[in-house]
Amino acid sequence: MGDDRWPRWPARSAGVRRPRRGGVWRLVPSWRMVLGAGVAAVVLSVGALVAGYLLVEIPEPKSAAAAQANVYLYADGSQIAAVGEVNRANVALEEVPEPVRYAVLAAEDRDFFDASPVDLSAMVRAGWNMLRGGGRQSGSTITQQYVKNYYLDQRQTVSRKVKELFIAVKLGRELSKEEILQGYLNTSYFGRNAYGVQAAAQAYYGKDVGELGVAEGAYLAALLQAPSAYDVVADPGSAGRAVARWEYVLDGMVSQGWLAPAEREALEFPRPGPYEPPDLLSGERGYLVEAVRGELTARGVLEEDELAAGGYRITTTIDPVRQEALTRAVEEQVLDGLGSAPPDSYLRVGATSVEVASGEVVAMYGGRDYTEQFVNNATRRDYQAASTFKPIVYAAALEHGAETVDGERIGPDTVYDGSSGRPVVGRDGTDTGWAPQNEGGRDYGPLTVAEAMDRSVNAVFAQLGEDVGADRVRETAVALGIPEEVPGLAEARGSISLGTATPSTVDVAQVYAALARQGVFREAVLVREVSRDGEVVPVPEPAERRAVSAGVAQEVTAVLRGVVESGTGTAAGSAGRPAAGKTGTAEEDRAAWFAGFTPELATVVAVFGQDSETGEQQSLYGAAGQERISGGGFPALIWGQYTAAALHGLPVAEFGGAAERVSPDGEDGGGEGAGEGEGADSGGTEGGTEGGGRSGEVSPSPSGPPESSEPSEPSSPVPSSGSAEPSSGPVPSGPPGEGEPPVAPSREPSPPREGADVPAREP
């Protein structure tokens, strides 16, 4: 009966062979092969894990005394600063208030007491995110972070991550959760050179950790993710991000039952105190180091904790000779003449100079002394850019082929009504309800776009921006180099055309460098090379893209040359070079800007008014003995002196491309507005004319450099401090058009004018 039970399944001994698979199926592994490979993989993986666990020992803790300094270098290899002193004071876990501990857990690892020491799924997610180009993302538990801080280095390598995993597993078996949490709190980096929660409590609030409240503890916990990104004192523009992260921590405490909802609602954001950096960062060095650190972390070159571990040699793009020239220009034109009482004490200066060809930042002025004023004036993003935004509006109009309400294609000779307070009309012909004022309520009547740029007429650019469209203006601004995250950019509507966004001098310099580069944006960078222990750390290439067409960039440049030649920026003519630029003065003289470029350098200079005690923005009426401060004054004078020195000894370069626009002979057209008449505008009130202005038609004809711009003899790019300087010291005033900067018109300090605040007036 045995042979009849399975008639369709002959025994192997019967000698019947199974048919071979043919075609493409021959390439597909059989289920036996797949199963065998899977079993082998599991066995090998288990074996590797067991071997790793047995072979990887818990090492000796890193010694704080062995911590290395980071060395920051100028572009020529000379040293800016060596930073690396370890500031740490260990405390027992019971000395840390319970709410502070819970805040750290809410920020970093809410399942710490219940979960395993290694979160493999989070590590896989983080790895996958980085492979997709999403940037570095932490997949580490608090135990893993403690291992990295206390036992290993900060380098992002596979071998280090493997060691971290095995040590974390072993540590989780040998130490209690409380011991691990205590170690983590004492080894984590909180920014401000503070290692550990005790040092952080002192650095941010000037008190011991035991005195911290819930709100303060939550802020310190928020800092752990990215200290420099959430320090609201170092970067006032980070306030929104910092508060959002602080609220995330508090919400996490509530969700875990560690904080009562009513208590959470009553908490207010605890602004930290000022930072007192070590003396080794005194003077300008601290600003340069701070800016470089920010770029390294923002571009993903190094993490905060990697930098904190030290040992890196960082070569910057800063040219020490041009850096000295920029500092000297700021001191001689402004700082040396200031007193110690308000409003002189309110005046702050920030500046950034970018090499057009490379996009490298060759000079940066952040302030007089980093140990006295922590905020870097060159990188801060909390003052309105004012009329330096108007060239972006014009570029957007040209790039998109925008038309006026009457259907005329917009160009330099397009005529607009420059009457102060005239209603802005929508593209559908309806009244928008917005009617910004010109400076002093001055009416200009009909004038061309080119003339309006020279005189910085708000009424014209408000209408021009409406004709183009706020979205297109914003799109062009971002393409040219204004980062999308700049405060005031995303939410601005029509007022975007009058510069209500608050970019830094670096951001604005990127824009003007793109115009000088024939419409090609190239990311401004401060870091040229990074190495550690002889190994080069990869630095990504700067982002580059076509922002606007070359023709558009040339047209904008032609109009901006007129601003320097006979508009509000004539003081910048002291550079003695072909130059283009734009002045800008913020509402109530709280800030004044000059942004300009030659074919070689794009440089932005700004002065800000700020109370050093309260941090509040202040008007600069009366500062330095001036009735008022405007972009055509100190910023343009600093720009002119610096640019002359920075290019001294180099051949005079001409702008390429389209023919340049020059002032025609004929009627002056300045009227009573002659002189530095640019006023508060980032809210809608700039608009005088400096040095006269123009009337009538303009003829496109090439213009050469002034005869005096040619250097008398070859020399280094910037003369030494002992050599003769072009335009050193305050420049005496004189009649416009005679080679001297004009005198600011007499004006008494006054309260804000009715209708001057654009955002409040705009519907």
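Cut-offs applied
- Residues numbered from 1 in each chain as written.
- Predicted model: local features only at pLDDT ≥ 70, side-chain atom pairs only at ≥ 80, totals over all residues.
- Heavy atoms only, no water.
- Helix = DSSP H or I, 4+ residues; strand = E, 2+ residues; numbered from the N terminus.
- Buried < 20%, exposed > 50% of the residue type's maximum accessible area, 1.4 Å probe, protein only.
- Contact = heavy atoms within 4.5 Å.
- Areas by Shrake-Rupley, 256 points an atom, 1.4 Å probe, with all protein chains shown as cover.
- Pairing = 2+ DSSP bridges.
- Axes fitted to C-alpha atoms, helices over the stretch in contact; angles between N-to-C directions.
- Phe/Tyr/Trp six-rings, centres within 6.5 Å; stacked < 30°, edge-to-face > 60°.
- Lys NZ or Arg CZ within 6 Å of the ring centre and 35° of its normal.
- Salt bridge = Lys/Arg side-chain N within 4 Å of Asp/Glu carboxyl O.
- pLDDT = per-residue confidence, 0-100.
- Polar contact = N/O pair within 3.5 Å; in protein donor to acceptor, adjacent residues only side chain to side chain.
- Expected span 1.5 Å × (residues − 1).
- Arc of directions from axis to C-beta.
- Left-handed = near helix turned anticlockwise from the far one by under 90°.
- Parallel < 35°, antiparallel > 145°, perpendicular 65-115°, else oblique.
- Nonpolar A, V, L, I, M, F, W, Y, C, P; charged D, E, K, R; others polar.

Here the focus is the overall build of the protein chain. Counting its regular elements, the protein chain contains 22 helices and 14 strands. Here the protein chain holds 763 residues, and 53% of them are scored as buried. In the protein chain, once contacts between residues fewer than 6 apart in sequence are set aside, the share between residues at least 24 apart is 74%. Summing over all exposed atoms, the protein chain offers an accessible surface of approximately 32,700 Å²; the carbon and sulfur share of this is 51%.

Read from one edge of the open sheet, 5 strands run 2-1-3-9-10, paired in mixed fashion. Lying at the two open borders of the sheet, with one neighbouring strand each, are strand 2 (79–83) and strand 10 (535–537). Direction aside, the axes of adjacent strands within the sheet are offset by 20° on average. Note: strand 3 (residues 312–316) against strand 9 (residues 527–532), 5 bridges, orientation antiparallel. Bridged to Ile314 within strand 9 is Val530. Sheet contacts for helix 12 (residues 285–298): strand 1 (70–73), strand 2, strand 3 and strand 9; angle to strand 2, the most-contacted strand, approximately 70°.

Let us look at the packing of aromatic side chains. Summed over the entire model, instances satisfying the criterion amount to 15 aromatic pairs. Ring geometry for Tyr287 and Tyr370: centres 5.3 Å apart, planes at 85°, overall edge-to-face. Residue Tyr287 is located in helix 12, and its partner Tyr370 is located in the loop between strand 5 (361–365) and helix 15 (390–399); the two are separated by 83 residues in the primary sequence. Neither residue differs from the other here; Tyr287 and Tyr370 are each classed as buried. Following the ring pairs from residue to residue traces out a cluster consisting of Tyr204, Tyr205, Tyr219, Trp246 and Phe269. Seen from the ring of Phe112, Lys177 lies directly overhead, with NZ or CZ sitting 4.7 Å from the centre.

Once that is clear, we can look at unusual backbone geometry. With an omega of 0°, the peptide bond running from Pro342 to Pro343 counts as cis. Located in the positive-phi region is Arg192, a residue other than glycine, with phi close to 55°. With respect to the helices and strands, the residue Arg192 is situated in the loop between helix 6 (177–187) and helix 7 (197–205).

Inspection of the secondary structure assignment puts Ile629 in the loop between strand 14 (601–609) and helix 21 (634–646). Of the residues examined, Ile629 reaches a relative accessible area of 2% and is grouped as buried. Each C-alpha atom, one on Ile629 and one on Ala591, is 8.1 Å from the other, the two residues being 38 residues apart in sequence.

What follows covers the pattern of salt bridges. Tallying each qualifying case throughout the model produces 18 salt bridges. Note that Lys207 is salt-bridged to Glu216, the shortest N-O span being 3.0 Å. Here Arg590 ties to Glu588 by a salt bridge, and the two come within 3.4 Å at their closest N and O atoms. Ionic contacts of the salt-bridge type, sharing partners, join the residues Glu295, Arg299 and Glu523 into one network.

What follows concerns the confidence of the model for the protein chain. Atomic detail in the predicted coordinates should be set aside for any region of low pLDDT. In the predicted model, the protein chain carries a mean pLDDT of 79, and 71% of its residues have values of at least 70. A low-confidence stretch, residues 130–139 stays under pLDDT 50, and its non-local contacts, those more than four residues away or across chains, total 19 contacts. Considering only residues more than four positions removed or in separate chains, one finds that residues 658–763, a stretch of pLDDT under 50, has 291 contacts.

This next bit is on helix 17 (residues 458–468). With 10 of 11 residues buried, helix 17 is to be regarded as a mostly interior element. For helix 17, the secondary structure elements touched by its buried residues are helix 15, strand 6 (415–417), strand 7 (446–448), helix 16 (449–455) and helix 18 (470–480). Positive backbone phi, at 105°, marks Gly469, one or two positions downstream of helix 17.

Structurally, Arg380 is set in the loop between strand 5 and helix 15. A residue is classified by how much of its surface remains accessible, and Arg380, at 3% relative accessible area, is buried. A polar contact is formed between the side chain of Arg380 and the side chain of Asn377, at a distance of 2.9 Å. Setting aside chain neighbours within four positions, we find Arg380 in contact with Pro236, Gln373, Val375, Pro503, Ser504, Phe608 and Gln610.

Counted at 1.5 Å a residue, the expected span for helix 10 (residues 239–255) with its 17 residues is 24 Å, and the 24 Å between its end C-alpha atoms agrees. By the burial criterion, the buried members of helix 10 are Ala242, Arg245, Trp246, Val249, Leu250, Gly252 and Met253. The buried residues of helix 10 all sit within an arc of 155° when viewed along its axis, so they share a single face. Those residues of helix 10 that are exposed and angled more than 90 degrees off the buried face are Gly240 and Ser255. Residues of helix 10 that are buried make contact with helix 2 (98–108), helix 8 (214–223), helix 9 (227–230) and helix 11 (261–266). One or two positions beyond helix 10, positive phi appears at Gly257, with a value near 80°.

Quick look at the packing of helix 2 against helix 8 now. Between two packed helices, what matters for the description is the angle formed by their axes and the separation of those axes. Running from amino to carboxyl end, helix 2 crosses helix 8 at an angle of 35°, the nearest separation of the two axes being 8 Å. Crossing angle aside, the handedness with which helix 2 passes helix 8 is right-handed. Contact residues: Pro99, Val100, Ala103, Val104, Ala107 and Glu108 in helix 2; Val214, Gly217, Ala218 and Ala221 in helix 8.

Our focus in this paragraph is the side chain of Arg245. Tracing the backbone through its elements, the reader meets Arg245 in helix 10. Residue class for Arg245 comes out buried when judged on its relative accessible area of 11%. A polar atom in the side chain of Arg245 sits 3.3 Å from the backbone oxygen of Ala107. In contact with Arg245, other than residues within four places in its own chain, are Ala107, Glu108, Ala222, Gln225 and Tyr230.

A large share of strand 3 lies buried, amounting to 4 of its 5 residues. The pairing of strand 1 with strand 3 spans 3 bridges and is parallel. In the sheet register, Leu73 faces strand 3, and the bridge partner there is Thr315.

Note that strand 1 and strand 2 share 4 bridges and pair antiparallel. Looking at the pairing, Leu73 lines up with Gln79 of strand 2. Two successive antiparallel strands, strand 1 and strand 2, enclose a turn made up of 5 residues, where Gly77 displays a positive phi of approximately 95°.

With that settled, the discussion passes to the sheet that holds strand 14. Sheet strands pair by backbone hydrogen bonding; their relative direction is either parallel or antiparallel. Read across the sheet, 5 strands follow the order 5-4-14-13-12 without closing on themselves; strand pairing throughout is antiparallel. A single partner strand is all that each edge strand has here, and the edge strands are strand 5 and strand 12 (580–585). Neighbour to neighbour, the strand axes of the sheet diverge by 5° on average, direction disregarded. Looking at chain direction, strand 4 (residues 347–355) and strand 14 are connected through 9 bridges and run antiparallel. What sits directly across from Glu355, in strand 14, is Leu601. With respect to the sheet, helix 20 (residues 550–566) is in contact with strand 12 and strand 13 (591–597), its orientation differing from that of strand 12 by roughly 65°. Together, strand 4, strand 5, strand 13 and strand 14 form the strand contacts of helix 21, whose direction differs from that of strand 14 by roughly 145°.

All right, on to the packing of helix 2 against helix 10 then. Look at helix 2 against helix 10: their axes get within 8 Å of each other, and the N-to-C directions meet at 105°. Between helix 2 and helix 10, the interaxial angle falls into the category roughly perpendicular. The residues of helix 10 that touch helix 2, namely those facing Pro99, Tyr102, Ala103, Ala106, Ala107 and Glu108, are Arg245, Tyr248, Val249, Gly252 and Met253. Classifying every residue of the contact of helix 2 with helix 10 by side-chain character gives 8 nonpolar, 1 polar and 2 charged.

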